[in-house]
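Analysis of the macromolecular model
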Amino acid sequence: MIRFFRSGNPLTVLLLLIYTLLVKFYYLIHPAAYMADGSEGLLYHLLVKWLQVITGGSPFVFTALAVMLILLQSLLLTKIINHHRLFPKPTYLPAMCYLLFTSLLQSWNIFSPALLVNVIMLWVFSSITELYTRTSARDVVFNIGFALGMCGLIYFPSIIFCLLLLVSMLIMRAFRLAEWIIAILGLICPIYLMGTYLFLTNQMTLLRQIPNIGLSLPLITDYKVWGAMIACLLFFVLGWLLLQRPLMKMLIQGRKIWAVLIVYVLVAMLVPFFNVHFSPAYWVLAVLPVAMFAGNVFWSVTNETFANVIHFIVLGYMIVMQYFS
């Protein structure tokens, strides 16, 4: 099976669709509505209310939307990877890995603020990759900052991704104070616009819902969460180690993009700890960049039989956790 996803053939998208139905089937027949644990942002509240009116609050519709978002993210991730030639040849392996690893935990398949933020973060990451080739990047960093501000309105702790932007600017470009100031202005702009709208519509009481952030250091006792996180961390470390040799043959831009991905994973792992109420569901933010390193594991294993064995071990673990645990 791995050889089909290794290929960059556009027809592989059809196989990805079938694969999505396979790994997400359990969640579609046992749907959950949407996430509302007190950590979500104002825009998410407004969006959920609108969807409830349209769908009648159907759990299946919300779960189907979550699955569609995950599939869309996997395809967008593939487009970014292949555009920047982060692998020697076009491949759908990271997309397969994202679909597979998000299936390890049920809360990663519920309609949540994190899934919406992931869509925006794909655009943010794509824009960050362009910073290296720009002579002037003021418009790009403002747009990235604005996108991160929108993420904050959906899920306020995602504002911490501004660290990703600032570190990425250090990696991709020489330090320019003006660009940093413009990036921070872009970050503030959506919150300012939302505040202005609430003031003009006499809804200032809603303004208190925007800075929805806390700090929690929970004791995780759920073995499913531990299993999913250990699998993700294992493939992340293996993917990084296996990347060292091909990294030396890449162009400078490719090396810098992989360095940004390391920062992306580390920041995304920290974000859920700043929830008002901690939830491992928000670690799906880290699964997105981890999928690239997991894809590199399958790419680097040239023995097709061994690669398939690794894949079926993870797939088997996923099925056991879904149906028999």
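**A closer look at the nonpolar core**
Residues F101, W108, F111, M121, F161, W258 and Y264 are the most contacted members of the largest nonpolar core, which totals 113 residues. Among the elements that line this core, the one with the most residues is helix α12 (residues 284–300), at 13 residues.

**Overview of the layout of surface pockets**
For the largest pocket, the calculated volume is near 360 Å³. Together, 17 residues line the largest pocket, and R85, L86, F87, P88 and M250 are the ones closest to its centre. By residue class, the composition of the lining of the largest pocket is nine nonpolar, six polar and two charged. Estimated volume of the second largest pocket: approximately 150 Å³. Forming the boundary of the second largest pocket are L76, K79, I80, H83, H84, V119, L122, W123, S126 and E130. Those elements giving two or more residues to the lining of the second largest pocket turn out to be α4 (59–83) and α6 (113–129). Of the residues that constitute the lining of the second largest pocket, the class distribution is five nonpolar, three polar and two charged.

**A look at the side chain of N275**
Inspection of the secondary structure puts N275 in the loop between α11 (252–270) and α12. Within the structure, N275 has its side chain in polar contact with the backbone oxygen of H277 (distance 3.4 Å). Setting aside residues no more than four positions away along its own chain, N275 makes contact with S39, Y155, P157, G214, L215, S216 and Y282.

**Observations regarding the packing of aromatic side chains**
By the definition in use, this model includes 22 aromatic pairs. Between Y26 and Y323, the ring centres sit 5.0 Å apart and the planes meet at 75 degrees, which makes this aromatic pair edge-to-face. Residue Y26 is found in helix α2 (residues 12–29), and its partner Y323 is found in helix α13 (residues 304–324); the two are separated by 297 residues along the sequence. By the ring-pair criterion, three or more aromatic residues cluster together here, those being F87, F236, W240, W258, F293 and W299. Over the aromatic face of F4 sits the side chain of R3, whose NZ or CZ is 4.5 Å from the ring centroid. In this structure, R6 is placed above the aromatic ring of W299, and the distance from its NZ or CZ to the ring centre is 5.3 Å.

**Examining α12**
For α12, which comprises 17 residues, the first-to-last C-alpha distance of 24 Å matches the rise-based estimate of 24 Å (1.5 Å per residue) to within 8%. Burial within α12 is extensive, with 16 of its 17 residues counted as buried.

What counts as what
- Residues numbered from 1 in each chain as written.
- Predicted model: local features only at pLDDT ≥ 70, side-chain atom pairs only at ≥ 80, totals over all residues.
- Heavy atoms only, no water.
- Core = buried A, V, L, I, M, F, W, Y, C linked by side-chain atoms within 4.5 Å.
- Buried < 20%, exposed > 50% of the residue type's maximum accessible area, 1.4 Å probe, protein only.
- Helix = DSSP H or I, 4+ residues; strand = E, 2+ residues; numbered from the N terminus.
- 1 Å grid on protein atoms, 1.4 Å probe; cavity = no way out; pocket = protein on both sides within 12 Å on 5 of 7 lines; lining within 4 Å.
- Points joined across faces, edges and corners; volume = space filled by probe spheres on them.
- Nonpolar A, V, L, I, M, F, W, Y, C, P; charged D, E, K, R; others polar.
- Polar contact = N/O pair within 3.5 Å; in protein donor to acceptor, adjacent residues only side chain to side chain.
- Contact = heavy atoms within 4.5 Å.
- Phe/Tyr/Trp six-rings, centres within 6.5 Å; stacked < 30°, edge-to-face > 60°.
- Lys NZ or Arg CZ within 6 Å of the ring centre and 35° of its normal.
- Expected span 1.5 Å × (residues − 1).

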